[in-house]
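Residues per chain are reported as follows:
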Amino acid sequence: MQQTFILTVLTFLPVAGTLALLLLRSDDHLWIRRLALITAVAEFAISLLLLRGFEAGATGYQFEEFRAWIPQPPIHYHLGVDGLSLFLVLLTTLLTPLSILASWKSIDQRAKGFFISLLVLETGVIGVFVSLDLFLFFLFWEVMLIPMYFLIGIWGHERRIYAALKFVLYTMFGSILMLVAILWLYRITATAGYPTFDVAQIQMMLSNGTLTMPLRTEMLLFGAFFLAFAIKVPLFPLHTWLPDAHTEAPTAGSVMLAGVLLKMGTYGMLRFCLPLFPEASRRFAPEIAVLAIIGIIYGALVAMVQVDLKRLVAYSSVSHLGFVVLGIFAFHAISIQGAVYQMLSHGISTGALFLGVGMLYDRRHTHLIKEFGGLATPMPVIAALYLFACFASAGLPMLNGFVGEFLILAGTFQKHAAWASWAALGVIFSAVYLLWSYQRVFFGSITQDKNGALPDADWRERGILFLMAAVILWMGIGSTFITRRTEAATQTIMQLMQRPRAYDAGGSNNMDHPAMPVNGANAAASGGVANLVNSK
């Protein structure tokens, strides 16, 4: 297999798996599960080739594929990864087979449709992370929405229809705003004489002054993109769809939603909001930071009083993703590195928590904390590994959650000490709600007779939990393996934000933070795209 096509293979292999699933009988559940798992494992194995061939420290995009797709308007099939998207792709390909294994016994109705939806979801998410054309990005963004709607609405719990509709309405509202902004940005590039949807080309045109826009236009475009991404994160006060979606989704849906779908929002902020609209990002940063801090504290406090274990983990995501947004808009290289790392850490640790909650639900068919108690006695393996995931989510040193939160707070403190001080409360509160909920579920006396007879993890569940625990520990002690590969992408974002801006006659050139020219600011644009612009 040629490496130049690896991103295409990664993106569309799950679709090939769905086509194979369609050939099987709907009642052949064993082979439906096997084929879905084989496809997902093959996808993960291929994604490891990205890691092997990725050049740490190199600027720009790697494994690029650039082909003309639609001549008018000029839309290109442009794929590529950098340090920002590389590990998000790996996270997606890791969580998908684990989600299939977690659903091995629990999904016995419409199994074919379930695993098809899961594989199509994987295609949509990977497409979002590797797309370097705005139109292509939006296409994959919408593709992701459909299978997630079905996963919640068909295989969810009692209030699944309500949760699925709420998820779709919130996301579609943000999608409409983003689509308008994409078309508006395309019109601006056309006015400048270089009509394009290509992200790298737009970044280069902004850097060399070929493309300018009024400050008011930049702020409106930023607002449209940011709202779409803030809904997906979700950032307070746009978070109300998330607890319902998590609570009603099946275990696999919750793992994928928390693990990778929420990261699409923070990824979009780093990929588009900061590099394309740097001055607007700076002007809105104080307000966004306040919302992030409110989300950190509010999410933790609300999680503390939850009576539903799955809903508690859902609100923890509101708190933890607030740290990511804060790190992004602190505009410090360390905090942005921490934000990228926390995106990955949250996907693993919170994914492990949802897997553990799903295993409890498979045995008791409830998420209510009061229905549990003393489960460490009949289920010592699940209890031990769930506690390990709680420690990781709470930010215990030597585990993955500590690295991201430490870098975020350290970088933020250097720029805004007050922001970091308030955000640090979230670390304390997270330990409170996680350990208190663990005490009520696993410690103490067995509250109900049926709890005493619950079986411990079987070999399939042990494999899932031990693998997640191994990744948590490896990320905690081997963080430099990741940060060395994300550093160049972080520096490129900082350089693109520091470029000198020359607003056209319709805008203001008064800047609160004057920027100095930065050598290599065009590094985000690939050589092929640069040649395309120069040829114009």
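Every chain begins its residue count from 1, and numbering advances along the sequence as written. Where totals are concerned, whole chains, interfaces and linings use all residues; where local detail is concerned, this predicted model gives features only for residues with pLDDT of at least 70, and gives and counts side-chain atom pairs only at 80 or more. Excluding hydrogens and water, the side-chain figures rest on all heavy atoms present in the structure.

1. Considerations on the pairing of strand β2 (residues 75-81)
No. 1: Counting buried residues along β2, seven of its seven residues qualify, which places the element largely inside the surrounding structure.
No. 2: Each residue is assigned to one of three classes by its accessible area relative to the maximum for its type, calculated with a 1.4 Å probe on protein chains only: buried under 20%, partly exposed between the two thresholds, exposed over 50%. For the purposes of this entry, the term helix denotes a DSSP run of H or I that reaches at least four residues, the term strand denotes a run of E that reaches at least two, and both are numbered from the N terminus. Residues I75, Y77, L79 and V81 of β2 are buried on one face, and the alternating residues H76, H78 and G80, pointing to the opposite face, are buried as well.
No. 3: Two strands are counted as paired when DSSP detects at least two bridges linking them. Here strand β1 (residues 62-70) runs beside β2; their pairing, made up of six bridges, is antiparallel. Looking at β2, one finds that F66 is bridged to H78.
No. 4: Taken together, β1 and the strand that follows it, β2, pair antiparallel across an intervening segment of four residues.

2. Observations concerning the packing of aromatic side chains
No. 1: A pair of aromatic rings is counted whenever rings of Phe, Tyr or Trp (Trp by its six-membered ring) have centres within 6.5 Å, and the orientation is called stacked for planes under 30 degrees apart, edge-to-face for over 60 and tilted otherwise. Under the criterion given, the structure shown has 29 aromatic pairs.
No. 2: Ring geometry for F135 and F197: centres 6.2 Å apart, planes at 55°, overall tilted. On the criterion of sequence distance, the pair formed by F135 in helix α5 (residues 134-155) and F197 in the loop between α6 (160-191) and α7 (199-207) is long-range, its members being 62 residues apart.
No. 3: Where F236 meets Y298, the ring centres are 5.2 Å apart and the plane angle is 55°; that geometry is what we call tilted. Residue F236 is found in the loop between α8 (215-232) and α9 (241-248), and its partner Y298 is found in helix α12 (residues 278-304); the two are separated by 62 residues along the sequence.
No. 4: In this structure Y298 comes out as partly exposed when scored by relative accessible area, which is 30%.
No. 5: Ring pairs connect the aromatic residues F137, W141, F225, F229, F272 and F277, which therefore count as one cluster.

3. So, the pattern of salt bridges
No. 1: For this document, the term salt bridge refers to a Lys or Arg side-chain nitrogen within 4 Å of an Asp or Glu carboxyl oxygen. Inspection of every chain in the model, using the stated rule, returns 13 salt bridges.
No. 2: Between D244 and K166 there is a salt bridge, with its nearest N and O atoms 2.9 Å apart. With D244 in helix α9 and K166 in helix α6, this residue pair connects regions lying 78 residues apart in the sequence.
No. 3: For D244, a relative accessible area of 5% translates into the label buried.
No. 4: E279 is paired through a salt bridge with R282; the nearest N and O atoms lie 3.3 Å apart.

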